[in-house]
Amino acid sequence: MKVNYNVVGVIALSITLLGCGGELPEANSVNCSGRGMEKALIEFKNNEPARQAFLDKCDEIKKNN
């Protein structure tokens, strides 16, 4: 039986990439300003308490800088 290594590679890559998601962004200087803030807040669309905690941490970062 011949194994097509391209197919095996695509399947392995797909599984790896699917495992990368799921984590919420952390508050830092990049995620708390401009486009980073927009992208980060999209991840919190169904989790209001976590969204508010993220915004509170961003406020703390801005005050300390």
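Structure's up top.
Residues numbered from 1 in each chain as written. Predicted model: local features only at pLDDT ≥ 70, side-chain atom pairs only at ≥ 80, totals over all residues. Heavy atoms only, no water.

A. Highlighting the state of the cysteines. Per the counting criterion, the structure on display carries 1 disulfide. Covalent S-S linkage joins cysteine 32 and cysteine 58, the inter-sulfur distance amounting to 1.9 Å. With the S-S bond torsion at -70 degrees, the cross-link from cysteine 32 to cysteine 58 turns out left-handed. With a gap of 26 residues between them, cysteine 32 in the loop between helix H1 (5–18) and helix H2 (34–43) and cysteine 58 in helix H3 (residues 48–64) connect regions that are remote in the sequence. Residue classification places cysteine 58 among the buried positions, given a relative accessible area of 1%. (Disulfide = S-S within 2.5 Å. Helix = DSSP H or I, 4+ residues; strand = E, 2+ residues; numbered from the N terminus. Buried < 20%, exposed > 50% of the residue type's maximum accessible area, 1.4 Å probe, protein only.)

B. Representation of the pattern of salt bridges in the model. Under the defined criterion, the tally for this structure stands at 2 salt bridges. We note a salt bridge from arginine 35 to glutamate 38, for which the minimum N-O separation is 2.7 Å. Residue arginine 35 and its partner glutamate 38 are located together in helix H2, separated by 3 residues, close to a single helical turn. Accessibility expressed as a relative area gives 45% for glutamate 38, which makes it partly exposed. Ionic pairing is found between arginine 51 and glutamate 48, a salt bridge with its closest N-O pair at 3.5 Å. (Salt bridge = Lys/Arg side-chain N within 4 Å of Asp/Glu carboxyl O.)

C. Here's a closer look at the environment of glutamate 23. Within the fold, glutamate 23 resides in the loop between H1 and H2. For glutamate 23, a relative accessible area of 69% translates into the label exposed. When the C-alpha positions of glutamate 23 and glutamate 43 are compared, they lie 8.8 Å apart, and in sequence the two are 20 residues distant.

D. Quick look at the packing of H2 against H3. At a minimum axis separation of 10 Å, H2 and H3 run at an interaxial angle of 155 degrees. By the criterion of interaxial angle, the relationship of H2 to H3 is roughly antiparallel. Pair H2 / H3 crosses with right-handed handedness. Along the contact surface, H2 presents Met37, Ala40 and Leu41, while H3 presents Arg51, Phe54, Leu55, Cys58 and Lys62. Looking at the contact of H2 with H3, its residues break down into 6 nonpolar, no polar and 2 charged. (Axes fitted to C-alpha atoms, helices over the stretch in contact; angles between N-to-C directions. Parallel < 35°, antiparallel > 145°, perpendicular 65-115°, else oblique. Left-handed = near helix turned anticlockwise from the far one by under 90°. Contact = heavy atoms within 4.5 Å. Nonpolar A, V, L, I, M, F, W, Y, C, P; charged D, E, K, R; others polar.)

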